[in-house]
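Below are the chains, spelled out letter by letter.
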Amino acid sequence: MSKEYWTQEDKDALETAQSYGELFTIAKRILDRMPRPRGQMCGPISTGGAGSVEANLKRFDVALEHILQNDVEVFNQMPFEVPMQRIKKELEPNVSYSMRLLEEFYSPIFENKLVDTLYFLPDWKTSRGANWEHDQAQRLGIEIIYLPEDLFSTGI
């Protein structure tokens, strides 16, 4: 899991970041420390899925555990969620869905081929962002793996 690739500097920088670009810079440092191949989870967080950010983040945790059982290196973007929401409120207070987040944080990760595989949660199609990520993966030739439909059969 990517937590072991975090430094105290990275954690501190999350607290003070003022833009999605600054968050990308932190993510790039972490990703550069991770061995290849490395993947990233894609699925509903703020739109779609289980209907709330909290419930969707629980699903990310389940999916991450599923993937990590296969000794796959996965960039966990969950620590970026709180700073992302803070930055969105500061930079785009009247915007319901931030394309800037996708374009300024996720796009550079994909364009620079910092991840080799994108793992899509079963309900990814309900998410605007995951649909965008899927389109980018296809455009850039990033491997796509669809997680099993019964992944959340435990009632999450």
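Each residue is numbered by its place in its chain's sequence as written, counting from 1. Two thresholds apply to this predicted model, a pLDDT of at least 70 for residue-level local features and 80 or more for giving and counting side-chain atom pairs, whereas whole-chain, interface and lining totals are computed over all residues. The side-chain figures draw on all heavy atoms in the structure; neither hydrogens nor water molecules are used.

S.K.: Help me understand empty space enclosed by the protein in this model?
M.R.: Empty space among the atoms becomes visible once a probe the size of a water molecule is rolled across them. Method remark: on a 1 Å grid restricted to protein atoms, a set of points is classed as a cavity if a 1.4 Å probe fits but cannot get out and as a pocket if it is open with protein on both sides within 12 Å along at least five of seven lines; lining residues have an atom within 4 Å of a point. Grid points are joined across faces, edges and corners, and a volume is the space filled by probe spheres set on the points. The tally for this structure, following the rule as stated, stands at one cavity of 30 Å³ or more. If you go around the largest cavity, the residues you meet are M41, F60, D61, L64, N76, Q77 and M78. The numbering of helices and of strands both runs from the N terminus, where a helix is a DSSP run of H or I of at least 4 residues and a strand a run of E of at least 2. In terms of residue count, helix α3 (residues 53–68) provides more of the lining of the largest cavity than any other element does, three residues in total.

S.K.: Which parts of the structure should I look at to understand the sheet that holds strand β4 (residues 143–146)?
M.R.: Pairing between two strands is assigned when DSSP locates at least 2 bridges connecting them. Taken in spatial order, the four strands make up an open sheet running β2-β1-β3-β4, and their pairing is parallel. A strand with exactly one partner marks an edge of an open sheet, and here the two such strands are β2 (73–75) and β4. On average, each strand axis in the sheet is inclined to that of its neighbour by 35 degrees, with strand direction left out of account. Note that strand β1 (residues 38–42) and β2 share three bridges and pair parallel. Following the sheet pairing, Q40 is matched in β2 by F75. A fitted line through C-alpha atoms represents every axis, and for helices the fit uses only the stretch in contact; the resulting angles, taken between N-to-C directions, go from 0 to 180 degrees.

S.K.: What exactly am I supposed to notice about the pairing of strand β3 (residues 117–120) here?
M.R.: Sheet faces and side chains relate simply in a regular strand, where the side chains alternate between the two faces. Throughout, exposure labels follow a simple rule: accessible area from a 1.4 Å probe, protein chains only, divided by the maximum for the residue type, with under 20% read as buried, over 50% as exposed, and the rest as partly exposed. Here β3 shows two buried faces, one formed by T117 and Y119 and the other by L118 and F120. Note: β1 against β3, four bridges, orientation parallel. Bridge pairing in β3 links G39 to T117. Bridging between β3 and β4 involves four bridges; their strand directions are parallel. From the neighbouring strand, T117 faces β4, where its bridge partner is E143. Taken together, β3, helix α6 (residues 128–140) and β4 constitute a β-α-β crossover, and its handedness is right-handed. Handedness of a crossover is defined as follows: orient the strands so they point away from the viewer, and if the path from the first strand over the helix to the second runs clockwise, the crossover is right-handed.

S.K.: Just checking my understanding: could you explain the packing of aromatic side chains for this structure?
M.R.: Each aromatic ring pair is described using two quantities: the centre-to-centre distance and the angle formed by the ring planes. Pairing of aromatic rings covers Phe, Tyr and Trp, the last through its six-membered ring, and needs centres within 6.5 Å; plane angles under 30 degrees mean stacked, over 60 mean edge-to-face, and all others mean tilted. According to the stated counting rule, one finds nine aromatic pairs in the structure shown. Ring geometry for F105 and Y106: centres 4.8 Å apart, planes at 90 degrees, overall edge-to-face. Geometrically, the ring pair formed by Y106 and F110 is tilted, given 6.4 Å between the ring centres and 35 degrees between the ring planes. You can see Y106 and its partner F110 sitting in helix α5 (residues 99–111), four residues apart, about one turn around the helix. Each member of the pair Y106 and F110 is classed as buried. Grouped by ring-pair contacts, the aromatic residues W6, F75, F80, F105, Y106, F110 and W132 constitute a single cluster.

S.K.: Is there a simple way to explain helix α4 (residues 81–91) in this structure?
M.R.: Each α-helix winds once per 3.6 residues, and so residues spaced three or four apart point in a common direction. When α4 is considered as a whole, its buried residues turn out to be E81, P83, M84, I87 and K88. All buried residues of α4 project into a common sector of 160 degrees when viewed along the axis, lining one side. Set apart from the buried face of α4 by more than 90 degrees, the exposed residues are V82 and K89. Contact between two residues is taken to exist if any of their heavy atoms lie within 4.5 Å; hydrogens are not considered. The elements touched by buried residues of α4 are α1 (8–16), α2 (20–33), α3 and α5. Working note: the arc is built from the helix axis to C-beta atom directions.

S.K.: Help me understand the environment of L102, please; the structure alone is not making it clear to me.
M.R.: Counting through the fold element by element, L102 comes out in helix α5. Along the sequence, L102 and G129 sit 27 residues apart, while their C-alpha atoms lie 7.2 Å from each other. Contact partners of L102, with chain neighbours within four places excluded, come to Y97, S107, G129 and W132.

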